[in-house]
Amino acid sequence: MKMSFRIGLVLVLILTLIGVRAFLEPLFYDPLITYFKNDSLTKPIPDLNFSNYFFNIFLRYTLNSLISIAIIYVIFQNIKTLIFTIKFYILSFFIFFFLLFIFLYFENISNNLILFYLRRFLIQPLFLFILLPAFYYQKLQNTRNKT
């Protein structure tokens, strides 16, 4: 792929991530958005339709993950990086999804920040901001070792 095309594609994918974020309220069921915008430290967690909520978390995570994986592939164009990234996203989903379910189901949380950050990792493309510099650093190290 030409460099100018790759840059344009990455920009389109980033704008798509921004679009997912901008239109999340009409697209995804998430009553915890307003809960965390308000005084979440003193109020109990609102009633959730668990099946609907977790299905929407899954959809949003999948959408953000596919876009993030595409960005990483377009930038690095390495199949090993792509496979690692896919495995990382799948494993991370199961870990964070399970923990979120446990914390929501057993509501006796003394600190809602745990719930806030677990949810944040599932609904925001934060792993992209972790993996991009890591892969870039690895690429720099590999080119230094070859010379």
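Data block above holds the structure.
Remember, it's a predicted structure, so these values are computed and weren't measured experimentally. (Residues numbered from 1 in each chain as written. Predicted model: local features only at pLDDT ≥ 70, side-chain atom pairs only at ≥ 80, totals over all residues. Heavy atoms only, no water.)

Caption draft 1: Fine view of the nonpolar core. Within the largest apolar cluster, 34 residues are counted, with the highest numbers of intra-cluster contacts made by Tyr53, Ile71, Tyr89, Leu100, Leu104 and Leu122. Of all the elements in the fold, those that place two or more residues in this core are helix 1 (3-22), helix 3 (32-37), helix 4 (50-76), helix 5 (79-105), helix 6 (112-123) and helix 7 (126-146). Not counting residues within four places of it along the chain, the set of residues in contact with Tyr89 comprises Tyr61, Ser65, Ser68, Ile69, Phe127, Leu128 and Leu131. (Core = buried A, V, L, I, M, F, W, Y, C linked by side-chain atoms within 4.5 Å. Buried < 20%, exposed > 50% of the residue type's maximum accessible area, 1.4 Å probe, protein only. Helix = DSSP H or I, 4+ residues; strand = E, 2+ residues; numbered from the N terminus. Contact = heavy atoms within 4.5 Å.)

Caption draft 2: Region of the structure containing a nonpolar patch on the surface. On the surface, Met3, Ile7, Leu11, Ile14, Leu15 and Ile18 cluster together into a nonpolar patch covering about 590 Å² of accessible area. On the secondary structure map, Ile18 appears in helix 1. (Patch = residues over 30% accessible without salt bridge, like charges linked within 9 Å, V, L, I, M, F, W, Y side chains within 5 Å. Areas by Shrake-Rupley, 256 points an atom, 1.4 Å probe, with all protein chains shown as cover. Salt bridge = Lys/Arg side-chain N within 4 Å of Asp/Glu carboxyl O.)

Caption draft 3: Inspection of the packing of aromatic side chains at higher detail. Tallied over the entire structure, the rule returns 20 aromatic pairs. Centroid distance Phe121 to Phe127: 5.3 Å. Interplanar angle 40°. Geometry classified as tilted. Assessed through its relative accessible area of 5%, Phe127 is described here as buried. (Phe/Tyr/Trp six-rings, centres within 6.5 Å; stacked < 30°, edge-to-face > 60°.)

Caption draft 4: Representation of the environment of Asn52 within the structure. On the secondary structure map, Asn52 appears in helix 4. Take Asn52: its relative accessible area is 29%, and that puts it in the partly exposed class. A polar contact is formed between the side chain of Asn52 and the side chain of Asn56, at a distance of 2.7 Å. (Polar contact = N/O pair within 3.5 Å; in protein donor to acceptor, adjacent residues only side chain to side chain.)

Caption draft 5: Structural detail: the packing of helix 5 against helix 7. It is at 12 Å that the axes of helix 5 and helix 7 come closest, and there the two elements cross at 145°. Considering how the two elements wind past one another, helix 5 and helix 7 form a crossing that is right-handed. Contacts from Thr81, Phe84, Thr85, Phe88, Tyr89, Ser92 and Phe96 in helix 5 reach Phe127, Leu128, Leu131 and Phe135 in helix 7. (Axes fitted to C-alpha atoms, helices over the stretch in contact; angles between N-to-C directions. Left-handed = near helix turned anticlockwise from the far one by under 90°.)

Caption draft 6: Geometry of helix 1. For helix 1, which comprises 20 residues, the first-to-last C-alpha distance of 28 Å matches the rise-based estimate of 28 Å (1.5 Å per residue) to within 8%. The set of residues buried in helix 1 consists of Arg6, Val10, Leu13, Leu17 and Val20. The buried residues of helix 1 all sit within an arc of 75° when viewed along its axis, so they share a single face. Relative to its buried face, helix 1 has exposed residues pointing more than 90 degrees away, namely Ser4, Leu11, Leu15 and Ala22. Of the surrounding elements, those touching the buried residues of helix 1 are helix 2 (24-27), helix 4 and helix 7. (Expected span 1.5 Å × (residues − 1). Arc of directions from axis to C-beta.)

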